[in-house]
Amino acid sequence: MRIIIRKFDLVNIAKSVTGKSFSDIDNKNRLSKGKTKGIFGHVLEESLFNYDINSSSEPDFKDAQVELKVTPVKRNKNGSYSSKERLVLNIINFMSEHQYSFYDSSFWKKNKSLLLMFYLFEPEKSYEDYIILNSILYEYPIDDLPIIKNDYETIINRIKAGEAHLLSGKDTMYLEACPKGTSKTSVREQPFSNIKAMQRAYAFKSGYMTQIVRKYVMGKETNEKIIKDASILESQTFDDYVLSRIKNYIGDSVEALKEKFQVDSKAKNINAQLVSRILGVNNIAKSDEFLKANIKIKTIQQKESGTIKESMSFPAFEYTSIVNETWEESDLRDMFLTTKWLFVIFEKSHEKVHLSDAFFWTMPDEILESEVKSLWQDTVEKIKQGKIYHHTNSRGQRITHFLGSASTKVAHVRPHGLNKNDTYPLPVKEQTLGTYEYTKSCFWLNNSYIKEIILNRKKRA
DNA sequence: GCATGATCATGC
DNA sequence: GCATGATCATGC
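Residues numbered from 1 in each chain as written. Chains lettered and ligands numbered in written order. Predicted model: local features only at pLDDT ≥ 70, side-chain atom pairs only at ≥ 80, totals over all residues. Heavy atoms only, no water.

J.: Residue-level account of the pattern of salt bridges, with values.
T.: Close approach of charged atoms lets side chains of opposite charge pair. Scanning the entire structure with this criterion turns up 21 salt bridges. One salt bridge in this structure joins D365 and K170, with 3.1 Å as the shortest N-O distance. Placement of D365 in helix α14 (residues 365-384) and of K170 in the loop between α6 (145-160) and β6 (175-179) is noted, with a sequence separation of 195 residues between them. A network of salt bridges, in which partner residues are shared, links E67, K69 and K110. (Salt bridge = Lys/Arg side-chain N within 4 Å of Asp/Glu carboxyl O. Helix = DSSP H or I, 4+ residues; strand = E, 2+ residues; numbered from the N terminus.)

Structure follows, in structure tokens:
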């Protein structure tokens, strides 16, 4: 007789190992056979749930229609927790998937209910000793579903347009088509083009997974939402909705907006605060949608001449970390590959600053892999050689060897800290100064490049 | 008026 | 106490 396991039972079984390590659970000695991809899933399937390992288009637990996923959580330097990576789901069959609507898709059939088991990834520990943090039955929140459906449509529409080879994680918000294969040479045929496309799988982006971790594993309260009514997204995308809300205020002065929304602050991000109010939230950067989709807001001031007032800063890098990175797995490259920005332009005219434009932007791959890459390499090389300080100018400022905006087209390196005494340690001695620390620095997008982005956008429109 | 080092106000 | 987003200051 076959025993039918229900969702409720599965969650209880999963929760019974909270706080245990994989070696505690592994009674079939799978861990002793060495680490392989998916080993944690295999241990739990065999030793906790007692079923045979399979790879079928059906969910792992057929009767309950639940798919088991074991996924790592990491601890950040500031003590918070994030998902260590995206959650990869089933492979997309380009040849057939385009025939289905969302609820008939392979994505929905296999993943409509997920049993998520989170473990803590700890780099200093051996993998057998990783601990299960918690387990939950994940069924999509009603507010997330319209966005996930729109993401699905976006992926399908690219396949229908014969563009499966151009699919990119940047196309979508929560659900992405991520590369899945041993290399770029893992390609498959697509139905509406002769060009072979990289094999891809559905996946939840790491930003989406991080919010699940924070809410369901760490117990953090729900984020405020920009979309107050899920039906808004039945007729438009999230991006279009956000831009249409902002466009209602184009031409308004900062003074008028401060008055209208009763915002009074000397903070340098006052313009971002105003955009938050326009979208009906306290802090757009902390909104549910921006966090889950990894969208960041940047406000930009354009002078009457058209020049952009300031270059654009990003978080400071740590000298000791960046020298241990390769470009392929660098924080900088990862940031540009996984972040989308909402640029909001404020233009100065007639002595007043007005809201003038808003659009979403991602770093083009070809720029990332040329100009940005070479700047990163130049910077890392100089840190490795301890060749940072150049000379002190007549104002007592320390001029560096890092590439400035005068010698680059897209991005440059400049200080970014509280003051010049706000430093990070150096991996090697600074050759001229003899110190083991230097003022914090970060990568900046050149204001001239930002101007170019805005011009190109106007040309296209 | 630009380029670049230095710094500020805020929030967590 | 520090990260962050954004801006300030001034020699050239």
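Having put the structure on the table, let's press on.
J.: So what's going on with the domain arrangement of chain A? Which residues, and what values?
T.: Each assigned domain of chain A is listed with its residue range as follows: domain 1 (7-216), domain 2 (223-293) and domain 3 (310-346 + 353-460). If you average the C-alpha positions of domain 2 and of domain 3, the two centres end up 28 Å apart. In this assembly, 17 residues from domain 2 lie in contact with 13 residues from domain 3. Both sides together, the interface formed by domain 2 and domain 3 hides about 1200 Å², and carbon and sulfur atoms give 71% of it. Run the count over domain 2 and domain 3 and you get one salt bridge. K340 is paired through a salt bridge with D239; the nearest N and O atoms lie 2.8 Å apart. Across the domain 2-domain 3 interface, the total number found is five residue pairs in polar contact (both at pLDDT 80 or more). Secondary structure elements with two or more residues in the side of domain 2 that touches domain 3: α8 (238-247), α9 (254-261) and α10 (270-278). (Domains from an automatic or database assignment. Contact = heavy atoms within 4.5 Å. Buried area = accessible area lost by both parts, 1.4 Å probe. Polar contact = N/O pair within 3.5 Å; in protein donor to acceptor, adjacent residues only side chain to side chain.)

J.: Which residues make up the layout of surface pockets, and what values go with them?
T.: Considering only enclosed or pocket space, the second largest pocket measures out at about 890 Å³ in volume. What lines the second largest pocket is a set of 29 residues, and nearest its centre among them are K268, N269, K298, T299 and S313. Elements supplying a minimum of two residues to the lining of the second largest pocket: α10, β10 (295-302), β11 (312-313) and β16 (411-415). Tallied by class, residues from the lining of the second largest pocket come to twelve nonpolar, twelve polar and five charged. Two domains share the lining of the second largest pocket, each providing at least three of its residues, namely domain 2 (223-293) and domain 3 (310-346 + 353-460). (1 Å grid on protein atoms, 1.4 Å probe; cavity = no way out; pocket = protein on both sides within 12 Å on 5 of 7 lines; lining within 4 Å. Points joined across faces, edges and corners; volume = space filled by probe spheres on them. Nonpolar A, V, L, I, M, F, W, Y, C, P; charged D, E, K, R; others polar.)

J.: Break down the protein's contact with DNA strand C for me, with residues and values.
T.: Taken together, 18 residues are adjacent to DNA strand C, and K268, T299, Q301, R395 and K440 come closest. Here the atoms of DNA strand C within 4 Å of the protein split so that 59% fall in sugar or phosphate, with bases taking the remainder. Here a base nitrogen of DNA strand C sits 3.1 Å away from a polar atom, N or O, in the side chain of E310. At three residues, the largest contribution of residues to the surface near DNA strand C is made by β10. Broken down by class, the residue content of the surface near DNA strand C amounts to four nonpolar, seven polar and seven charged. (Near = heavy atom within 4 Å.)

J.: Which residues make up the packing of aromatic side chains, and what are the values?
T.: Counted under the stated rule, the structure contains 37 aromatic pairs. Both rings, one in F343 and one in F359, keep their centres 5.7 Å apart while their planes meet at 75°; by these two values the pair is edge-to-face. Taken together, the positions of F343 in strand β12 (residues 340-349) and F359 in strand β13 (residues 352-361) put the pair 16 residues apart, joining distant regions of the chain. An identical accessibility class is assigned to F343 and F359; each is buried. When the ring of W361 is compared with that of Y449, the centres are 6.4 Å apart and the planes differ by 75°; the resulting orientation is edge-to-face. (Phe/Tyr/Trp six-rings, centres within 6.5 Å; stacked < 30°, edge-to-face > 60°. Buried < 20%, exposed > 50% of the residue type's maximum accessible area, 1.4 Å probe, protein only.)

J.: Help me get a handle on the pairing of strand β8 (residues 193-198), residues and values and all.
T.: Alignment of strand β7 (residues 187-190) against β8, held across three bridges, turns out to be antiparallel. Along β8, the bridge assignment pairs V187 with M198. Joining the antiparallel neighbours β7 and β8 is a turn of two residues. (Pairing = 2+ DSSP bridges.)

J.: Explain the protein's contact with DNA strand B to me, and be specific about the residues and the numbers.
T.: As a structural note, the neighbourhood of DNA strand B is formed by 22 residues, with S405, A406, R414, G417 and N419 the closest of them. A distance of 2.6 Å is found between a phosphate oxygen of DNA strand B and a backbone nitrogen or oxygen belonging to S405. The backbone of A406 places a nitrogen or oxygen atom 2.9 Å from a phosphate oxygen of DNA strand B. Mapped by element, the contributors of at least two residues to the surface near DNA strand B are β15 (398-400) and β16.

J.: How would you summarise helix α13 (residues 331-338) if you had to cite specific residues and measurements?
T.: The complete set of buried residues in α13 reads L332, R333, M335 and F336. Around the axis of α13, the buried residues are gathered within 160° of arc, so they sit on the same side. Tucked into the core, α13 has its buried residues touching β12, α14 and β19 (441-445). (Arc of directions from axis to C-beta.)

J.: Give a detailed account of the packing of α13 against α14, specifying residues and quantitative values.
T.: It is the contact of α13 with α14, at a shortest axis distance of 11 Å, that shows an interaxial angle of 160°. Here α13 is positioned roughly antiparallel relative to α14, judged by the angle of their axes. The handedness of the crossing between α13 and α14 is right-handed. Taking contact as the criterion, the partners of L332, R333, F336 and L337 in α13 are, on α14, D365, L368, E369, V372 and W376. (Axes fitted to C-alpha atoms, helices over the stretch in contact; angles between N-to-C directions. Parallel < 35°, antiparallel > 145°, perpendicular 65-115°, else oblique. Left-handed = near helix turned anticlockwise from the far one by under 90°.)

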